[in-house]
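Descriptive analysis of the structure
Here is what each chain is made of, one letter per residue.
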Amino acid sequence: MVYLKYLDLFKAGYKVRYALISDVHANLAALQAVIEEIEHQDCGRVICLGDVVGYGPRPQRCLDITRTLTDHIILGNHDVAIFNTPEELSFNPIARNAIVWTRSQLSESNISYLQQLPYTITFDRCLGVHASPCSPQSWDYITGRFDALRNFNCFSQPVSFAGHTHSPVVFQRRAGKHKVRVLETDHLKIEQGFQYIINIGSVGQPRDRDPRAAFGIWDSEQLVYELVRVDYDISLTQSQMQKAGLPRFLSDRLEHGV
Ligand code: ZN
């Protein structure tokens, strides 16, 4: 039970290296590989930007483990769909099918737990959202510079972290200006006078054509962000999904990272 340690470290509160995880999507093998890497990377605090469940084969276990890792979990659209029927109905049939199955796998106490989670989190002068700073409850996607520009006007912190698209990316703008740059980098030193929107990618269902699990490390003392990729046993997750009767499309996409 290696992850108990993080809870202790969090309570001690002396670390400034955050592990930022998002979109675990009930992929237990990916989550376990990421936790091992978090330990190697000596991160003292874990923050989860939502969508712990949905799509994948081990929702109950992934939520139990994530709750043990951290008290700082925010809601994603798949988490909300577990307890909110209108949200579920806005999904495509494949995602909806997975939500109905996921709900049947979760304990009452885990469903109640999801219901009381917040939509945003602030920490060390950063904002964390699942989807977007402007409308964290309406699940907009930030896919390009125009989306990013609109969202830069909705937060005052130097950095906002997000998940939701499952594709890591960094947007940068000089504070108060309109020009947004897309930075193609996995390692970033935050510059004074700039604002950043950083998408940390997905642990359990990457869609940037790199099938490895993704998560971010934020060193709030050094002001350095790093994107980390981790190999995991994709075929194990795929076989768990097939046994659970989840849609074939959802398991096939994992090996292509799409
Ligand atoms: Zn997601």
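Summary of the structure given here. Keep in mind the model is a prediction, meaning the values are calculated, not measured.

Strand order in this open sheet of six strands is β3-β4-β5-β9-β6-β7, and the pairing throughout is mixed. Each end of this open sheet is capped by a strand with a single partner; those strands are β3 (120-123) and β7 (180-183). Strand-to-strand twist across the sheet, computed as the mean angle between neighbouring axes with direction ignored, equals 20 degrees. Sheet analysis places strand β5 (residues 159-162) next to strand β9 (residues 194-199), joined by four bridges and oriented parallel. Paired with serine 160 across the bridge in β9 is isoleucine 197. The strands touched by helix α8 (residues 145-152) are β6 (169-174), β7 and β9; relative to β6, the strand with the most contacts, the crossing angle is about 55 degrees.

Turning next to unusual backbone geometry. In the Ramachandran plot, arginine 125 falls in the positive-phi region, its phi being about 60 degrees despite a non-glycine side chain. Residue position: arginine 125 is located in the loop between β3 and β4 (126-129). Relative accessible area serves as the criterion here: at 60%, arginine 125 is assigned to the exposed category. One non-glycine residue with positive phi stands out, namely histidine 164, at about 75 degrees. For histidine 164, the position within the fold is in the loop between β5 and β6.

Its boundaries defined by the atoms lining it, the largest pocket holds a volume of some 260 Å³. Elements represented by at least two residues in the lining of the largest pocket include exactly α4 (77-83), α6 (93-105) and α10 (248-256). Here the element with the most residues in the lining of the largest pocket is α10; it accounts for three residues. Among the residues forming the lining of the largest pocket, the class breakdown is eight nonpolar, seven polar and four charged. The volume enclosed by the second largest pocket comes to roughly 210 Å³. If you go around the second largest pocket, you meet 13 residues; those closest to its centre are Arg125, Pro158, Ile190, Gln192 and Leu223. Of the residues contributing to the lining of the second largest pocket, the split by class is seven nonpolar, three polar and three charged.

What counts as what
Residues numbered from 1 in each chain as written. Predicted model: local features only at pLDDT ≥ 70, side-chain atom pairs only at ≥ 80, totals over all residues. Heavy atoms only, no water. Pairing = 2+ DSSP bridges. Helix = DSSP H or I, 4+ residues; strand = E, 2+ residues; numbered from the N terminus. Axes fitted to C-alpha atoms, helices over the stretch in contact; angles between N-to-C directions. Contact = heavy atoms within 4.5 Å. Buried < 20%, exposed > 50% of the residue type's maximum accessible area, 1.4 Å probe, protein only. 1 Å grid on protein atoms, 1.4 Å probe; cavity = no way out; pocket = protein on both sides within 12 Å on 5 of 7 lines; lining within 4 Å. Points joined across faces, edges and corners; volume = space filled by probe spheres on them. Nonpolar A, V, L, I, M, F, W, Y, C, P; charged D, E, K, R; others polar.

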